[in-house]
Amino acid sequence: MKKILSLLARAVLGLGLLFGLYLAAGIIYPLSAPEAIAPRDLLLRDVRLIDLDTGAIRDGTDILVRDGRIAEVGRELPAADAEVLDANGRYALPGLFDMHVHSLRMAPVLTHPLQVAAGVTAVRDMGGCLGEHDSWVACAADKRQWNRDVIAGRMVGPRFDVVTSLAINGGKEIPSGWDPALGSATAAGARARVEHDAARGIDFLKPYSMLPREGYFALAEAAAEQDLYLAGHKPVRVSALEAIEAGQRSFEHAFLFIWECFPGAAEVRETENLREVYTHAMRERMLDKHSEAMCDALMDNMVAAGAAYVPTHTTRKLDAYSADPDFRDDPRLRYVPSPLRTLWLVDADSMAGRTDAAGLGSYRRFYEFGIAQSGRAHARGVQVLAGTDSPDSFAFPGFALHDELAHLAQSGMSNLDVLRAATVEPARFLGLEGRAGVLAAGARADILLLDADPLADIENIRTVNTVVLAGAVYDREYLDALLEEVESAAGHWSMWPKFAWQALRSPIFRAQAAD
Ligand SMILES: [Zn+2]
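Residues numbered from 1 in each chain as written. Predicted model: local features only at pLDDT ≥ 70, side-chain atom pairs only at ≥ 80, totals over all residues.

### Observations concerning the overall build of the protein chain
Now for step 1: Each helix and strand in the protein chain was counted, giving 21 helices and 16 strands.
Now for step 2: In terms of overall size, the protein chain behaves like a compact globule, its C-alpha atoms giving a radius of gyration of 24 Å where 515 residues would be expected to give roughly 24 Å.
Now for step 3: Principal-axis analysis of the C-alpha atoms places the extent of the protein chain at approximately 85 × 70 × 50 Å.
Now for step 4: Of all 515 residues assigned to the protein chain, the portion counted as buried reaches 49%.
Now for step 5: Across the protein chain, every contact between residues at least 6 apart in sequence was considered, and the portion connecting residues at least 24 apart equals 74%. (Helix = DSSP H or I, 4+ residues; strand = E, 2+ residues; numbered from the N terminus. Rg over C-alpha atoms; globule rule 2.2 N^0.38 Å. Buried ≥ 20, exposed ≤ 12 C-beta atoms within 10 Å, placed from the backbone. Contact = placed C-beta atoms within 7 Å.)

As structure tokens, this is what we get:
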């Protein structure tokens, strides 16, 4: 017996040791980001240029790229010393913006290559940190460095034109080691928070759903004094009209028009138990009692204030399809690192488990009604921007932007306006009009070549043949190699130890997990 016990003890010890070795090896095993391509001067010969102002297609156009910018657009341009790349009549449009993403520190290995392969050449990252470093999520310093590396051709990835704050939600989100008052529950906390973020060069502040009224309004006021602005969720306790008046510049996710445009909206804002907002009965009530007149007034206010709408319909699709086997078995899951894939499926399970068939039905209605609202908002003049919330559950980095463009087309927007929502309009929102999101002299050389015409069918946005990013040329062969590299990194044996090690040491992750 004693012998058996000691054998057993040794076996357990051995296994523990092996597991420890696996963890340690996984953590330190280097997974490198794909190699970037150096920018060069370039003459793109014979493109079908899609003019996003008029919807005209200009056959036989040449684009000359010098020093990472478009130097000239015209016919039969001389190449001089620029390298000639024959586009063979492929469709050319500006690189795409994804106006709502989140970035992990491992983004250069796991998500940036997917974004570039999908033609996403710039992102608005909607996550942040309080300090300069986190083991799990990317902070402002990471994103600024990535942006420099991408422009210099040292890294494969999208541009990061602006950086945001950690989401501001009243205090529970504040990582340990920081003053919870920075969650801006009070006016004093909000002022301290603005000072904190302004001192770190943050470009805009992201309000979140549970932010109390007092903190929200103080935040908006203090932000304006520092030339910062708010962009993010509409806090539940604040009405959209109040938020627009306070100067919030963008509203994220397809809840906005459903929650705000029904006669019980004021009651919801004041409800004691916020869980009630998320019930099947409440969703049905919001949809049944939806008031177009209320939405018209809200949309007109957004137009007058220049507030943008970023519906990220992809995230609502998860709510509606969490139990659907086809949705859950998406072949693109192979590009998602195994720990994240597990989290996504757990998320889908809990969504599906939380609700019965009737509840799922109301989520479908909510999802589809939300899509229709994007079309209505756009028709009324609201600036609608394409964003995905990737890598949130089932928002596949890169690919999800194509999915979102299909959603916007489904909403009734013309294909031309859908393309503008990922190019011209984001550039305008970011103050980069004429310098990005357009194929014209002086703009940055972020160019997509597609095999098929996206004006004829928005699904053709998926036919990316070549991506030019700041003058670096990524052809189809290279883009396929990028996909393969991500797939192999995503399934790599070291992924679990890496994720666990990075997440568990992250105060931001721990605060989120506890919430
Ligand atoms: Zn988000």
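The structure having been displayed, the exposition proceeds.
### Regarding the sheet that holds strand β10 (residues 229–232)
Now for step 1: The parallel open sheet is built from 5 strands, whose spatial order is β9-β10-β11-β12-β13. Only two strands of the sheet have a single neighbouring strand rather than two, namely β9 (204–205) and β13 (383–384).
Now for step 2: Pairing between β9 and β10: 2 bridges, direction parallel. In the strand pairing of β10, Phe204 is matched with Tyr229. (Pairing = 2+ DSSP bridges.)

### Digging into helix α6 (residues 213–225)
Now for step 1: Taking 1.5 Å of rise per residue, the 13 residues of α6 would be expected to cover 18 Å, and the 19 Å separating its terminal C-alpha atoms lies within 8% of that figure.
Now for step 2: When we look at burial in α6, the residues that qualify are Gly215, Tyr216, Ala218, Leu219, Ala220, Ala222 and Ala223.
Now for step 3: Here the buried face of α6 lies against α5 (187–199), β9, β10 and α7 (240–246).
Now for step 4: Where α6 terminates, the next one or two residues include Asp227, which has phi positive at roughly 60°. (Expected span 1.5 Å × (residues − 1).)

### Focus on unusual backbone geometry
Now for step 1: The omega torsion across Ser390 and Pro391 is 0°, close enough to zero to call that bond cis.
Now for step 2: Even without being a glycine, Glu76 presents a positive backbone phi close to 45°.
Now for step 3: Position of Glu76 among the secondary structure elements: in the loop between β3 (69–74) and β4 (83–86).
Now for step 4: Using a count of 9 C-beta atoms within 10 Å as the deciding quantity, one classes Glu76 as exposed.
Now for step 5: Of note, the phi angle at Ser184 is positive, near 65°, even though the residue is not glycine.
Now for step 6: Here Ser184 shows up in the loop between β8 (159–160) and α5.

### Comments concerning the domain arrangement of the protein chain
Now for step 1: The domains assigned to the protein chain are domain 1 (42–94 + 443–474) and domain 2 (96–429).
Now for step 2: Taking only C-alpha atoms, the centre of domain 1 and the centre of domain 2 are 31 Å apart.
Now for step 3: For the side of domain 1 that touches domain 2, the secondary-structure elements that each account for two or more residues are β5 (91–94), β15 (464–469) and β16 (472–474).
Now for step 4: Grouping the amino acids of the side of domain 1 that touches domain 2 by side-chain chemistry returns 14 nonpolar, 2 polar and 3 charged. (Domains from an automatic or database assignment. Nonpolar A, V, L, I, M, F, W, Y, C, P; charged D, E, K, R; others polar.)

### Some remarks on the sheet that holds strand β7 (residues 120–125)
Now for step 1: Across the sheet, 3 strands lie side by side as β6-β7-β8; this open sheet has parallel pairing. Every other strand in the sheet has two partners, leaving β6 (96–101) and β8 as the edge strands with one partner each.
Now for step 2: Of the strand pairs in this sheet, β7 and β8 are connected by 2 bridges, and their pairing is parallel. Paired with Ala122 across the strands is Arg159, a residue of β8.

### Remarks on the nonpolar core
Now for step 1: Of all hydrophobic cores here, the largest spans 154 residues; its most connected members are Ile63, Ala92, Leu219 and Leu439.
Now for step 2: For this core, the domains that each give at least three residues are domain 1 (42–94 + 443–474) and domain 2 (96–429).
Now for step 3: Dropping the residues within four chain positions of it, Ala92 is found in contact with Leu44, Val47, Arg48, Leu49, Ile50, Ile63, Ala87, Leu439, Ile447, Leu448 and Leu449. (Core = buried A, V, L, I, M, F, W, Y, C linked by C-beta atoms within 7 Å.)

### Re the pairing of β3
Now for step 1: Two elements, strand β2 (residues 57–66) and β3, share 5 bridges in a ladder whose sense is antiparallel. Opposite Asp62, over in β3, you have Gly74 as the bridge partner.
Now for step 2: In this antiparallel pair of consecutive strands, β2 and β3, the connection spans 2 residues, and Asp67 shows a positive phi of 50°.

### A closer look at the environment of Cys295
Now for step 1: Mapped onto the fold, Cys295 is located in helix α11 (residues 292–305).
Now for step 2: When the C-alpha atoms of Cys295 and Met351 are compared, they prove to be 28 Å apart, with 56 residues separating the residues in sequence.
Now for step 3: Ignoring anything within four residues of it in the chain, the contact list for Cys295 reads Phe257, Cys261 and Arg376.

### So, the packing of helix α10 (residues 280–288) against helix α15 (residues 357–379)
Now for step 1: Two elements in contact, α10 and α15, have axes whose closest approach is 9 Å; the angle formed by their N-to-C orientations is 35°. Handedness of the crossing formed by α10 with α15: left-handed. Every residue of α15 that contacts α10 at His280, Arg283, Glu284 and Leu287 is listed here: Ala358, Gly359, Ser362, Arg365, Phe366 and Phe369.
Now for step 2: Of the residues assigned to the contact of α10 with α15, the class counts are 4 nonpolar, 3 polar and 3 charged. (Axes fitted to C-alpha atoms, helices over the stretch in contact; angles between N-to-C directions. Left-handed = near helix turned anticlockwise from the far one by under 90°.)

### Concerning the environment of Thr315
Now for step 1: With respect to the secondary-structure elements, Thr315 resides in helix α12 (residues 313–321).
Now for step 2: With 24 C-beta atoms packed within 10 Å, Thr315 lands in the buried category.
Now for step 3: Discounting residues that sit within four places of it in the chain, Thr315 has contacts with His253, Asp389, Asp392 and Ala395.

### A look at the environment of Leu52
Now for step 1: Its place among the elements puts Leu52 in the loop between β1 (42–50) and β2.
Now for step 2: The class of Leu52 is buried, set by 21 C-beta atoms lying within 10 Å.
Now for step 3: Measuring from C-alpha to C-alpha, the distance between Leu52 and Leu439 comes to 8.8 Å, with 387 residues separating the pair along the chain.
Now for step 4: When residues no more than four places from it in sequence are discounted, the contact partners of Leu52 are Leu93, Leu416, Leu419, Arg420, Thr423, Val424 and Val438.

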